[in-house]
Amino acid sequence: MNRSEYEVMMRGAGQLDYEIYLNTARLLACQKTPEDLCNPDELQFMIVHQVEELWMKLMATTLLDIHDEMLAGNTFKALTLFRRVHICQEMMTTQLSLLETMSPKDYQEIRLLLGNGSGQESPGFRVLLKMPKDLWATFEAVYLESGNRTLEQVYDSEYRHDDTYMIAEALAEFDEQFQKFRNAHMQLIYRSIGVAANSLKGRPVEILNEGLRQKFFPALWTVRAEMTDRWGGSYGQKRAKLEPKADA
Ligand code: HEM
């Protein structure tokens, strides 16, 4: 195979309608050229990060739309858009495992080129960290306060699997998927640079543990714990063992 011939083909000429509409000439120039890569894995490292930024851009834009749909009381539309966000989140987590095909040595070579950069500087991630506060305020105003309902009623005493319950569950799913990303990312760090290593900012990677515990919507997790306590009141802290069935 003639490598350089294929590399030119990969860039495309940028003249066809597909290439013009999608701006492939610019898109495919966003990575280092083959001769500038420190090793072959650097291309994958760049592409995974760039793709993740694009998913975060799509998620953040979609969350803005969800916010508007919630304000307008368009629950079905908001739920469809939430599904889009959740799929992006799942893909973000799954795609991290691509980087587990990179050897620790190859990553050390790449790491020499990263300055003191940190994922905490990611524009997509930063905006996603801020948005849940606004989403929660709107959920409370539109779905709880306007109907004069509490989360306890929605989940337990007046449970009816309605619009409010569905939106609350979509928010809980967002929270959970975010945690799954953070957990998978922590495993990736361990796999690449080891446990208890220092980040490029010179701080222990364990500072990320705080994020692993963060809940965007704590009330959605508390409401379940309170239900467990209340329902558990019928059997106390621990239940009696089940009796074997007569015909067993
Ligand atoms: C070999 C692969 C990777 C390694 C070794 C790695 C390592 C790290 C480290 C050490 C930090 C903490 C930096 C600090 O002190 O601020 C960090 C944060 C972060 N990284 Fe990565 N990372 C990798 C891949 C990725 C990828 C593919 C993404 C995709 C978006 C990503 C997104 C982030 C984000 C969002 C944070 C901030 C996390 C938070 O605040 O909870 N990282 N990463």
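What you are looking at is a predicted structure, and each value in this text was computed from that prediction instead of being measured.

J.: Give a detailed account of the coordination of the iron atom of the ligand, specifying residues and quantitative values.
T.: Just one protein atom donates to the iron atom of the ligand; it is His185 (NE2), sitting 2.1 Å from the metal. Within the secondary structure, His185 is located in helix α9 (residues 163-193).

J.: Explain the side chain of Glu19 to me, using residue names and the numbers behind them.
T.: In this fold, Glu19 is placed in helix α2 (residues 17-22). Of note is the side chain of Glu19, whose polar atom sits 2.9 Å from the backbone nitrogen of Leu16. If near-sequence neighbours (up to four positions away) are discounted, Glu19 is found in contact with Gly12, Ala13, Gly14 and Thr24.

J.: Can you break down helix α6 (residues 104-111) residue by residue, with the values?
T.: Inspection of α6 places Tyr107, Ile110 and Arg111 among the buried residues, and these make up the whole buried set. In an axial view of α6, the angular spread of the buried residues amounts to 100°, which keeps them on one side of the axis. As for α6, its buried residues are in contact with α4 (41-71) and α9.

J.: Before we move on, could you go through the site of the ligand and cite the residues and values that matter?
T.: Residues in contact with the ligand amount to 23 residues; listed here are only the nearest, Ser118, Arg182, His185, Ser199 and Arg203. Contact distances for the ligand include 3.0 Å between an oxygen atom and a side-chain N or O atom of Gln120. At the level of elements, α4 and α9 are the ones that each hand at least two residues to the shell around the ligand. For the shell around the ligand, the leading source of residues is α9, giving 6 residues. Of the residues assigned to the shell around the ligand, the class counts are 13 nonpolar, 7 polar and 3 charged.

J.: Which residues make up the nonpolar core, and what values do they have?
T.: The biggest cluster of nonpolar side chains holds 46 residues, and the ones touching the most others in it are Leu63, Ile66, Phe139, Tyr155, Ile167, Leu171 and Leu220. Of all the elements in the fold, those that place two or more residues in this core are α4, α5 (75-96), α6, α7 (123-145), α8 (151-157), α9 and α11 (218-232). For this core, the element with the most residues is α9, which contributes 10 residues.

J.: Give me the packing of α4 against α5: which residues, what numbers.
T.: One can describe the packing of α4 onto α5 by two numbers: an axis separation of 9 Å at closest approach and a directional angle of 160°. Judged by the angle between their axes, α4 and α5 are roughly antiparallel. Of the two possible hands of crossing, α4 and α5 adopt the one that is left-handed.

J.: Kindly report on a nonpolar patch on the surface, identifying the contributing residues and their values.
T.: A surface patch of nonpolar side chains, amounting to about 580 Å² of accessible area, comprises Met1, Tyr6, Met9 and Met10. With respect to the helices and strands, Tyr6 occurs in helix α1 (residues 3-11). On the accessibility criterion, Tyr6 (41% relative accessible area) is partly exposed.

J.: I'd like to hear about the packing of aromatic side chains, residue by residue, with values.
T.: Evaluation of the coordinates by the stated rule reveals 12 aromatic pairs. Taking the centre distance of 6.5 Å and the plane angle of 45° together, the rings of Phe125 and Phe181 count as tilted. Remark: Phe181 occurs in helix α9 and Phe125 occurs in helix α7; sequence separation between them is 56 residues. As far as the burial class goes, Phe125 and Phe181 line up, both buried. Through a chain of ring-to-ring contacts, three or more aromatic side chains come together here, namely Phe125, Trp136, Phe139, Tyr143, Phe174, Phe178, Phe181, Phe216 and Phe217. Note that Arg224 overlies the ring of Trp221, its terminal NZ or CZ placed 5.1 Å from the centroid. Over the ring of Tyr235 we find Arg239, and its NZ or CZ is 4.4 Å from the ring centre.

J.: Summarise the environment of Arg3; cite the residues concerned and give the values.
T.: The topology assignment puts Arg3 in helix α1. Arg3 gets classed as exposed once you look at its relative accessible area, which sits at 65%. Between the C-alpha atom of Arg3 and that of Thr75, which follows or precedes it by 72 residues, the distance is 52 Å.

J.: Tell me what's going on with the side chain of Gln44, and back it up with residues and numbers.
T.: Within the secondary structure layout, Gln44 lies in helix α4. In this structure the side chain of Gln44 is engaged in a polar contact, spanning 3.4 Å, whose partner is the side chain of Thr101. Leaving out residues up to four positions away in the same chain, Gln44 has contacts with Leu98, Leu99, Thr101 and Met102.

Parameters at a glance
Going along each chain's sequence as written, the residues are numbered from 1 onward. For this predicted model, a pLDDT threshold of at least 70 governs which residues receive local features, and a threshold of 80 or more governs which side-chain atom pairs are given and counted, while totals over whole chains, interfaces and linings are taken from all residues. Based on all heavy atoms of the structure, the side-chain values leave hydrogens and waters out of the count. With water excluded from the atoms, a metal site may look incomplete; its donors are any N, O or S atoms within 2.8 Å, or within 3.2 Å for Na, K and Ca. Helix and strand definitions follow DSSP, with helices as H or I runs of at least four residues and strands as E runs of at least two, each counted in order from the N terminus. Here a polar contact is taken to be a pair of N or O atoms separated by no more than 3.5 Å, where protein atoms must pair a possible hydrogen donor with a possible acceptor and residues adjacent in sequence count only if both atoms sit in side chains. Note on definitions: a residue-residue contact is assigned when non-hydrogen atoms from the two residues lie within 4.5 Å. Exposed residues in this analysis have more than 50% of their type's maximum accessible area, buried residues have under 20%, and partly exposed residues fall in between, with area computed by a 1.4 Å probe over protein chains only. The arc in question is the one traced by the directions running from the helix axis out to the C-beta atoms. The near set for a molecule or strand comprises every residue that places at least one heavy atom within 4 Å of it. Throughout, the ten residues Ala, Val, Leu, Ile, Met, Phe, Trp, Tyr, Cys and Pro are labelled nonpolar, Asp, Glu, Lys and Arg are labelled charged, and all others, Gly among them, are labelled polar. We call a set of buried residues a nonpolar core when its members are Ala, Val, Leu, Ile, Met, Phe, Trp, Tyr or Cys and they connect through side-chain atoms within 4.5 Å of each other. A fitted line through C-alpha atoms represents every axis, and for helices the fit uses only the stretch in contact; the resulting angles, taken between N-to-C directions, go from 0 to 180 degrees. Here is the rule for angles: anything less than 35 degrees is roughly parallel, anything more than 145 is roughly antiparallel, 65 through 115 is roughly perpendicular, and the remaining ranges are oblique. The handedness criterion is simple: a crossing whose near helix is rotated anticlockwise from the far helix by less than a right angle is left-handed, and one whose near helix is rotated clockwise is right-handed. A residue counts toward a patch only above 30% relative accessible area and without a salt bridge, and it is joined to like-charged neighbours within 9 Å or, for Val, Leu, Ile, Met, Phe, Trp and Tyr, to nonpolar neighbours within 5 Å. Here the Shrake-Rupley method, with its probe set to 1.4 Å, supplies the accessible areas, and only the displayed protein chains count as covering residues. Between Lys or Arg on one side and Asp or Glu on the other, a salt bridge is scored when a side-chain nitrogen of the former is within 4 Å of a carboxyl oxygen of the latter. Pairing of aromatic rings covers Phe, Tyr and the six-membered ring of Trp, with a centre-to-centre limit of 6.5 Å; geometry is then stacked below 30 degrees between planes, edge-to-face above 60, and tilted otherwise. In this scheme, Lys NZ or Arg CZ marks a charge over a ring once it lies within 6 Å of the ring centre and within 35 degrees of the ring normal.

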